[in-house]
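Overview (structure and organization)
Residues per chain, in single letters:
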Amino acid sequence: MFLRPRTLREAVEALAAPGVGILAGGTDFFPALGERKPAGAVLDLTAIPELRGIEIGPERIRIGAAASWTEVIRTPLPRAFDALKAAAREVGSVQIQNRATVAGNLCNASPAADGVPPLLALDAEIELLSVRGERRVPLGSFITGNRKTVRAPGEIVTAILVPRTIEGPSSFLKLGARRYLVISIAMVAAILEADTTGRVGQARVAVGSCSPVARRLAQLERDLVGAGLEEVGARVEPRHLDVLSPIDDLRGTAEYRRDAARTLVARALEAAAGGFLQ
Amino acid sequence: MPTVTMTVNGRAVSGEAEPRTLLVQFLRDTLGLTGTHIGCDTSQCGACVVHLDGLSVKSCSMLAVQAEGAAVTTIEGLSNGELQPMQAAFREHHGLQCGFCTPGMVMSAIDLVNQNPTPSEHDIREWLDGNICRCTGYHNIVKAIKAGAEAMAAGGKR
Ligand SMILES: Cc1cc2nc3c(=O)[nH]c(=O)nc-3n(C[C@H](O)[C@H](O)[C@H](O)COP(=O)(O)OP(=O)(O)OC[C@H]3O[C@@H](n4cnc5c(N)ncnc54)[C@H](O)[C@@H]3O)c2cc1C
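Scoring rules and cut-offs
- Residues numbered from 1 in each chain as written.
- Chains lettered and ligands numbered in written order.
- Predicted model: local features only at pLDDT ≥ 70, side-chain atom pairs only at ≥ 80, totals over all residues.
- Heavy atoms only, no water.
- Contact = heavy atoms within 4.5 Å.
- Buried area = accessible area lost by both parts, 1.4 Å probe.
- Salt bridge = Lys/Arg side-chain N within 4 Å of Asp/Glu carboxyl O.
- Polar contact = N/O pair within 3.5 Å; in protein donor to acceptor, adjacent residues only side chain to side chain.
- Helix = DSSP H or I, 4+ residues; strand = E, 2+ residues; numbered from the N terminus.
- Nonpolar A, V, L, I, M, F, W, Y, C, P; charged D, E, K, R; others polar.
- Core = buried A, V, L, I, M, F, W, Y, C linked by side-chain atoms within 4.5 Å.
- Buried < 20%, exposed > 50% of the residue type's maximum accessible area, 1.4 Å probe, protein only.
- Domains from an automatic or database assignment.
- Pairing = 2+ DSSP bridges.
- Near = heavy atom within 4 Å.
- Areas by Shrake-Rupley, 256 points an atom, 1.4 Å probe, with all protein chains shown as cover.
- Phe/Tyr/Trp six-rings, centres within 6.5 Å; stacked < 30°, edge-to-face > 60°.
- Lys NZ or Arg CZ within 6 Å of the ring centre and 35° of its normal.
- Arc of directions from axis to C-beta.
- Disulfide = S-S within 2.5 Å.

Attention shifts here to the interface of chain B and chain A. In this complex, chain B contributes 28 residues to the contact, which on the side of chain A involves 24 residues. Summing both sides of the interface, chain B and chain A together bury roughly 2100 Å²; the carbon and sulfur share of this comes to 58%. Counting the surface chain B buries against chain A, the share from its top three residues, Ser61, Gln66 and Asp129 of chain B, is 28%. Scanning the region where chain B abuts chain A turns up zero salt bridges. At the boundary of chain B and chain A, one finds eight residue pairs in polar contact (both at pLDDT 80 or more). Residue assignment for the side of chain B that touches chain A shows that the elements contributing at least two residues are β3 (49-52), β4 (55-58), α3 (102-115) and α4 (121-127) of chain B. By residue number, the principal contributor to the side of chain B that touches chain A is β4 of chain B, which donates four residues. For the side of chain B that touches chain A, the per-class residue count stands at 11 nonpolar, 11 polar and six charged.

The next thing to look at is the nonpolar core. Residue and element names in this part refer to chain A. If you look at the biggest cluster of nonpolar residues, it comprises 53 residues, and the most contacted ones within it are Trp69, Val116, Leu119, Ile126, Leu139, Phe142 and Ile160. Of the domains in this structure, domain 1 (48-163) and domain 2 (170-277) are the two that each give at least three residues to this core. Apart from residues no more than four positions distant in its own chain, tryptophan 69 is found in contact with Leu84, Ala88, Val91, Gln97, Ala100, Thr101, Val102, Asn105 and Gly115.

All names here are of chain A. Reading across the sheet, the three strands line up as β1-β3-β2 and stay open at both edges, with parallel pairing between neighbours. Both outer strands of the open sheet, β1 (2-3) and β2 (20-23), are each paired with one neighbouring strand and no more. As judged from the four bridges shared by β2 and strand β3 (residues 41-44), these two strands associate in the parallel manner. Note on β3: the bridge partner recorded for leucine 23 is aspartate 44.

All names here are of chain A. Buried residues dominate strand β13 (residues 200-208), accounting for seven of its nine residues. Here strand β12 (residues 186-194) pairs with β13 via eight bridges, running antiparallel. Counterpart to isoleucine 191 in the pairing with β13 is arginine 204. Taking the residues between adjacent antiparallel strands as the criterion, β12 and β13 are bridged by five residues, where glycine 198 takes a positive phi near 85°. Sheet topology note: the β13/strand β14 (residues 215-216) ladder contains two bridges and is antiparallel. Considered in β14, the bridge of alanine 206 is made with arginine 216. In sequence, β13 turns back onto β14 through a hairpin of six residues, with serine 209 there showing a positive phi of about 70°.

Looking now at the domain arrangement of chain A. Residues and elements named next belong to chain A. The domain architecture assigned to chain A consists of domain 1 (48-163) and domain 2 (170-277). Here the C-alpha centre of domain 2 lies 21 Å away from the C-alpha centre of domain 1. Contact with domain 1, which involves 25 residues of that partner, is made by 24 residues of domain 2. Note on domain 1 versus domain 2: buried area summed over both sides is about 1800 Å², and carbon and sulfur give 60% of it. When the buried surface of domain 1 facing domain 2 is broken down by residue, Glu90, Pro117 and Ala121 rank first, second and third, together holding 28% of it. The tally of links between domain 1 and domain 2 comes to four salt bridges. Across the salt bridge formed by glutamate 90 and arginine 179, the nearest N and O atoms sit 3.5 Å from each other. Here domain 1 is connected to domain 2 by 11 residue pairs in polar contact (both at pLDDT 80 or more). Broken down by class, the residue content of the side of domain 1 that touches domain 2 amounts to 15 nonpolar, five polar and five charged.

The next thing to look at is the site of the ligand. As a structural note, the neighbourhood of the ligand is formed by 33 residues, with Ile22, Thr27, Asp28, Phe29 and Thr101 of chain A the closest of them. The environment around the ligand is built from residues contributed by chains A and B. The backbone of glutamate 90 of chain A places a nitrogen or oxygen atom 3.0 Å from an oxygen atom of the ligand. Within the contact set of the ligand, an oxygen atom lies 3.5 Å away from a backbone nitrogen or oxygen of valine 182 of chain A. Surface burial for the ligand is 90%, taken as the share of its 990 Å² of free accessible area covered by protein chains. Listed by contribution, the elements that provide at least two residues to the shell around the ligand are β2, α2 (29-33), α6 (102-108) and β10 (156-163) of chain A.

Residues and elements named next belong to chain A. Scanning the model with the defined rule gives one aromatic pair over all chains in all. Ring geometry for phenylalanine 29 against phenylalanine 30: centres 5.4 Å apart, planes inclined by 80°, an arrangement best described as edge-to-face. Lying over the aromatic face of tyrosine 180, arginine 179 brings its terminal NZ or CZ to 4.7 Å of the ring centre.

Right, let's talk about helix α1 (residues 23-30) of chain B for a bit. Residues and elements named next belong to chain B. Looking at α1, one finds that the buried residues are Leu23, Val24, Phe26 and Leu27. One face of α1 carries all of its buried residues, which in axial projection span an arc of 165°. Against the buried residues of α1 lie β1 (3-8), β2 (11-16), β3 and β5 (71-73).

What follows covers the state of the cysteines. For the structure on display, the rule yields zero disulfides over all chains. For the unlinked cysteine cysteine 60 of chain B, the closest cysteine sulfur is that of cysteine 48 of chain B, found at 3.7 Å.

To continue, consider the domain arrangement of chain B. Residue and element names in this part refer to chain B. By the assigned domains, chain B splits into domain 1 (3-74) and domain 2 (85-155). Here the C-alpha centre of domain 2 lies 21 Å away from the C-alpha centre of domain 1. Counting from both sides, the interface comprises 17 residues of domain 1 and, opposite them, 13 residues of domain 2. With both sides pooled, the region where domain 1 packs onto domain 2 buries about 1000 Å², and carbon together with sulfur makes up 56% of that total. It is His37, Val49 and His51 that lose the most area in domain 1 upon contact with domain 2, and together they represent 38% of the buried surface on that side. At the surface where domain 1 touches domain 2, the tally comes to zero salt bridges. Looking at the side of domain 1 that touches domain 2, the elements with two or more residues in it are β3 and β4. When the residues that make up the side of domain 1 that touches domain 2 are grouped by side-chain class, the tally is six nonpolar, 10 polar and one charged.

Written out as structure tokens, the structure reads:
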């Protein structure tokens, strides 16, 4: 059965039945099926106007669950979102970005999802709705493992909410086995805010593909406060990456990932710091 | 089986489609528009690129029923007797060898020129990251797109 409701109310009611799968841009959904057909009913979210668009408010920015990566790229957003925009340009190719949603990237919960580090660094929250009501969960606790989230079967992610609690330049760097259309071996998002003396007032750094769920580097973020903008890269030490748990797989060894991540973190911080000069 | 109605190449069409039918299967098998190719099963290769409401998409990564009410353009919809300038440029600059990737290349290229009428070589190469060609090494494709963009800007844009 294929359901394409026009309102959120109908969608959550349909989802209250067991065995209903959610479809957004379909760019993870279809490739994952291969030759099989969907196991149960499919609920398509792309015809629901309430889920569309990106709203820019004074306190927070709301990315609707049906917003595509192309919409993220084309919407004028504060520079703390430059990392998210850079990640958007890395998701597959233009045709994938035209269909694929940010919410789908998070719900799919791949350790290599390029949207996760920038949104973790932005302290994003996930808004969920079911017939029982609405709740919000920080992105850091929404994804719990490789392809695992706290989303209950009857819940739809309706939006990604980003509080405007940091203002400054940001960067995203991704390492893959080739330049384009590639699954990340490691990726890093960094945002820096300057204090009144021109030193680091607030820093946010997140690393993906080096643990089952992307991680913020909290100790590094604390150690960066007060640093001069020219020394942010040099402040990165191996111990700052201790929260990561990279694995050996066909894309790289754990040791390579750890080393690459450290280099990427330093470069991402330098790139973000460079943003103050522009 | 549900009936799907959409506009394809300017013509209103409707056809029966099982809900699991991909848009590309609907175009090829139900409508007989076999110019849109299927080159992989992972949405990577780009042979199946069509325009959906004016934007390029991979027609293997959406269902036909999701295109209900939408306007779809395939490679067959470009020419009105005469080749569309981008098609003509691919022929002129030999932007192909076996031709399997060509419909997708042309559809992607036209979307690029619609977004960015004067793309640089770098813009073109970057834009083509979702279109894979195993014959040409891309050089002539890039040349063709550059020439096609100029021809479209010169008034041949459709
Ligand atoms: C060729 C190709 C290249 C790719 N390259 C990259 C890449 O470089 N980086 C990267 O990170 N990803 C990549 N992807 C993966 C994919 O494009 C992204 O993860 C994308 O953002 C998924 O969004 P979607 O809307 O297509 O999700 P869908 O495929 O529609 O859904 C994905 C999952 O999320 C669930 N879901 C979707 N929306 C909701 C919602 N609102 N509420 C609850 N559950 C929901 C679905 O049930 C499904 O399980 C690539 C995919 C392809 C085909």
